[in-house]
Amino acid sequence: MNKVLFQNEGRNGCDALAYEIFLQDAGLNRKGKKFECMKEDALRTRSVIEDRIDLRAAYVHYDKIALAGDTVNIDGVSLKCRGLSQIAPESVKGAYIYALSAGDFSCAESSVMEQLYADLWGSAFTEAVRILLKDRMEREAKLSDSFGPGYYGMDVREMNKLARLIDLRELGIEARENGILLPLKSCAGFYLSVTEDYVPLNQECINCHGNQTSCNLCHVHR
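As the structure is a prediction and not an experimental result, all values here were calculated from the model.

Examining the side chain of arginine 56
- You can see arginine 56 is positioned in strand E2 (residues 53–62).
- Separated by 3.1 Å, the side chains of arginine 56 and aspartate 54 make a polar contact.

Set out below in structure tokens:
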């Protein structure tokens, strides 16, 4: 059963964190009259999309796990990710599957600038929820890097297998056959619970799109 952090109500301190992330991503964390005016415009957009902010997040812990090379088997579901090959199997103790959504921030009838601000607000709330969700899980265990479709060489189509390990419907999230999640400001992935001697992955690998044998030729691969 999903352990729910957010479910339609209660923002758990997310607003302030999302605001900080928004200012950073939008480049508005600078002083000056120009940036103050832009901040006012951004906050007006924020008030317009208030009813679109629908924070939902949950996670599930699994003890039944086996890691072999670039494949991890979690409760009978095998997930393939090239980044996993950098992890020593003996450092893995379990897995935390997570999913979250910030809502639908599409504003097709608004101006281009309002659409841009709305999208940035959506991304900021998504990231804020992810940070708070990770903080909750870290109270229970030491976590690895975050893995998920599209990162560390994991195919986006693995999302449909990941969806077998957590109830996305409980969060109002739909996983399409191509791996895309709806609403678009949604994400899902997993952390491994690890021992204290876990060595973090090389961060240059996070957005890798190399093929299955590329790690053997890569200059950043350990």
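Considering the pairing of strand E6 (residues 92–103)
- Across the 12 residues of E6, 11 count as buried, placing the element largely inside the fold.
- Both E2 and E6 contribute to a ladder of eight bridges, which runs antiparallel. Counterpart to alanine 57 in the pairing with E6 is leucine 100.

Side note on the packing of helix H1 (residues 14–26) against helix H3 (residues 112–138)
- Relative orientation of the contacting elements H1 and H3 amounts to 125 degrees, with a least axis distance of 8 Å. The angle between H1 and H3 places the two elements in the oblique class. Crossing of H1 over H3 shows right-handed handedness. Judged by residue contacts, Cys14, Asp15, Leu17, Ala18, Tyr19, Ile21, Phe22, Asp25 and Ala26 of H1 engage Tyr117, Leu120, Trp121, Ala124, Phe125, Glu127, Ala128, Val129, Ile131 and Leu132 from H3.

Looking at the pattern of salt bridges
- Applying the stated criterion across every chain yields a total of 13 salt bridges.
- A salt bridge links glutamate 127 to arginine 130, with the nearest nitrogen and oxygen atoms 2.8 Å apart. A residue pair is termed a helical-turn pair when its members lie 3 or 4 positions apart in one helix, as glutamate 127 and arginine 130 do in helix H3 at three residues.
- With relative accessibility at 23%, the residue arginine 130 sits in the partly exposed group.
- Between arginine 169 and aspartate 167 there is a salt bridge, with the nearest N and O atoms lying 3.6 Å from each other.
- Several salt bridges converge on common partners, so that one network encompasses Asp15, Arg46 and Glu50.

What about the sheet that holds strand E4 (residues 71–74)?
- With respect to topology, three strands assemble into an open sheet ordered E3-E4-E5, the strand pairing being antiparallel. The open sheet terminates on both sides in strands that have one partner only, identified here as strand E3 (65–68) and strand E5 (77–80). For this sheet, the mean inter-axis angle between neighbouring strands, taken without regard to orientation, is 15 degrees.

Comments concerning the nonpolar core
- Membership of the largest hydrophobic core comes to 34 residues, with the highest contact counts inside it found for Phe190 and Leu192.
- Ignoring any residue separated from it by four or fewer positions in sequence, one finds leucine 192 in contact with Ile65, Val72, Leu84, Ile87, Val92, Gly94, Ala95, Lys142, Leu143, Ser144 and Phe147.
- In this structure, Tyr59, Ala102, Ala128 and Val129 belong to the second largest nonpolar core, which totals 33 residues.

Concerning unusual backbone geometry
- Here leucine 182 and proline 183 are connected by a cis peptide whose omega angle stands at 0 degrees.
- Turning to its location among the elements, proline 183 is positioned in the loop between strand E8 (181–182) and strand E9 (186–194).
- Positive phi values are uncommon outside glycine, yet aspartate 75 reaches one of about 50 degrees.
- Its place among the elements puts aspartate 75 in the loop between E4 and E5.
- Looking at aspartate 75, the relative accessible area reads 39%, which means it is partly exposed.

Description of the side chain of aspartate 145
- Along the polypeptide, aspartate 145 turns up in the loop between H3 and helix H4 (159–162).
- Here aspartate 145 falls in the buried class, since its relative accessible area comes to 13%.
- One polar contact links aspartate 145 to tyrosine 198, side chain to side chain, over a distance of 2.4 Å.
- Polar contacts involving the side chain of aspartate 145 include one to the main-chain amide nitrogen of leucine 201, which spans 3.0 Å.

Criteria and thresholds
Residues numbered from 1 in each chain as written. Predicted model: local features only at pLDDT ≥ 70, side-chain atom pairs only at ≥ 80, totals over all residues. Heavy atoms only, no water. Helix = DSSP H or I, 4+ residues; strand = E, 2+ residues; numbered from the N terminus. Polar contact = N/O pair within 3.5 Å; in protein donor to acceptor, adjacent residues only side chain to side chain. Buried < 20%, exposed > 50% of the residue type's maximum accessible area, 1.4 Å probe, protein only. Pairing = 2+ DSSP bridges. Axes fitted to C-alpha atoms, helices over the stretch in contact; angles between N-to-C directions. Parallel < 35°, antiparallel > 145°, perpendicular 65-115°, else oblique. Left-handed = near helix turned anticlockwise from the far one by under 90°. Contact = heavy atoms within 4.5 Å. Salt bridge = Lys/Arg side-chain N within 4 Å of Asp/Glu carboxyl O. Core = buried A, V, L, I, M, F, W, Y, C linked by side-chain atoms within 4.5 Å.

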